Amino acid sequence: MHRAFLLLLAIAALALPRATERIALHAERSSPDDLELGGELRGLPPGSTRYIRYGDLLRLPQETYTVSDDSNLKGKSKIEGVSLEVLARFFGEAPDDAMIVAICYDQYRTNYPRDYVAAHHPLLVLRINGQLRDRWPKSEYGGPLGPYLISHPFFKPAFKVLSHEDEPQIPFGVMRIELRRESRVFGAIRPPGDWAEGSAVAQGYTIARQDCFRCHNMGAEGGTMAGRSWLQLAKGAQEDGNRFRQTIRDPASVTPGAKMPGHTDYDDATLDALTVYFRTFSTVGMRRAR
């Protein structure tokens, strides 16, 4: 099965130039169905934004999988679409540290660094059970899954740090894909100073960049869905570590009605690692506040 999967990737790579040579990126949106592309696009100044039409995405090399472990889909479902690898290879500048960022309508962000893409092969879904988007099922909140969502052919955790296990990054409501540099995106939240691999701070950084960075921002990087910045989290970790830990473990017990999901599976060592990691930013925040 593994060899068949690699063969499929090779066929898609060979088919890519011919299948996409007439696909254009547009300077203006023509439809709400268009996918917004940004970041570092091939042949364009950094920070440019372009749009690719849904029909053109369907002309890219397509892959089809049957999934049963995607929480956005009920039961076993057939998904069809284009891999994020293909999007990045054709439309991005493809630097050595290329990564992909998916941004949803509610400003939730999902980051796909190179190691995650290699391990899980995420797919921009274009059809569900053979249906185009106007026939897709609703999300668990009753709204649309579209305009786009991302899934996997299968998901097996690739790492575990303390009690945090590699999580599937499967956002729905994706409106924009950014092709970025991993060093620049993750550099925004790299802990100040030198920390040995395996230290509590380094462990907290690994956890925070996959989990917290989806909804909390450091400047222009990261999600803004939560409305609380990285430096606000750092201030909370510094001033009241116990409250900070409890907010991560059970947010509603600290702030009634909180929408943040709790992490009841995080043990004390994991919460400690996140606390000491965020505390490394507290002095940075105080300097910026002056």
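See the structure printed just above.
Asker: In this structure, what is going on with the pattern of salt bridges? I would like to understand it.
Answerer: Tallied over the entire structure, the rule returns 15 salt bridges. Residue glutamate 40 pairs with arginine 184 through a salt bridge whose shortest N-O separation is 3.7 Å. Of this pair, glutamate 40 sits in the loop between β1 (35-39) and β2 (48-52) while arginine 184 sits in helix α5 (residues 182-187), placing them 144 residues apart in sequence. The exposure class assigned to glutamate 40 is buried, which follows from its relative accessible area of 11%. Classification of arginine 184 by relative accessible area gives partly exposed; the value is 48%. Residue arginine 59 is joined to aspartate 56 by a salt bridge in which the shortest nitrogen-to-oxygen separation is 2.8 Å. Since its relative accessible area comes to 36%, arginine 59 is described here as partly exposed.

Asker: Got a minute to help me understand the packing of aromatic side chains in this structure?
Answerer: Within a pair of aromatic rings, the relevant descriptors are the distance that separates the centres and the angle that separates the planes. Counted by the stated rule, this structure contains 13 aromatic pairs. Ring plane angle 70° and centroid distance 5.0 Å describe the contact between tyrosine 277 and phenylalanine 278, whose orientation is recorded as edge-to-face. Neither tyrosine 277 nor phenylalanine 278 differs from the other in exposure class; each is buried. The rings of Phe186, Tyr205, Phe213, Trp230, Phe244, Tyr277, Phe278 and Phe281 are connected pair by pair, giving a single aromatic cluster.

Cut-off values and rules
- Within every chain, residues take consecutive numbers counted from 1 along the sequence as written.
- Only residues with pLDDT of at least 70 get local features here, since the model is predicted, and only at 80 or more are side-chain atom pairs given and counted; chain-wide, interface and lining totals rely on the full set of residues.
- Computation of side-chain values covers all heavy atoms of the structure but excludes hydrogens and water.
- One side-chain nitrogen of Lys or Arg within 4 Å of one carboxyl oxygen of Asp or Glu is enough to make a salt bridge.
- Labels follow the DSSP assignment, with helices taken as runs of H or I lasting at least four residues and strands as runs of E lasting at least two, numbered in each case from the N terminus.
- In this scheme, a residue with accessible area under 20% of its type's maximum is buried, one over 50% is exposed, and one in between is partly exposed, where area comes from a 1.4 Å probe on protein chains only.
- Note on ring pairs: Phe, Tyr and Trp rings are taken, using the six-membered ring of Trp, and paired if centres are within 6.5 Å. Classes follow the plane angle, with under 30 degrees stacked, over 60 edge-to-face and the rest tilted.

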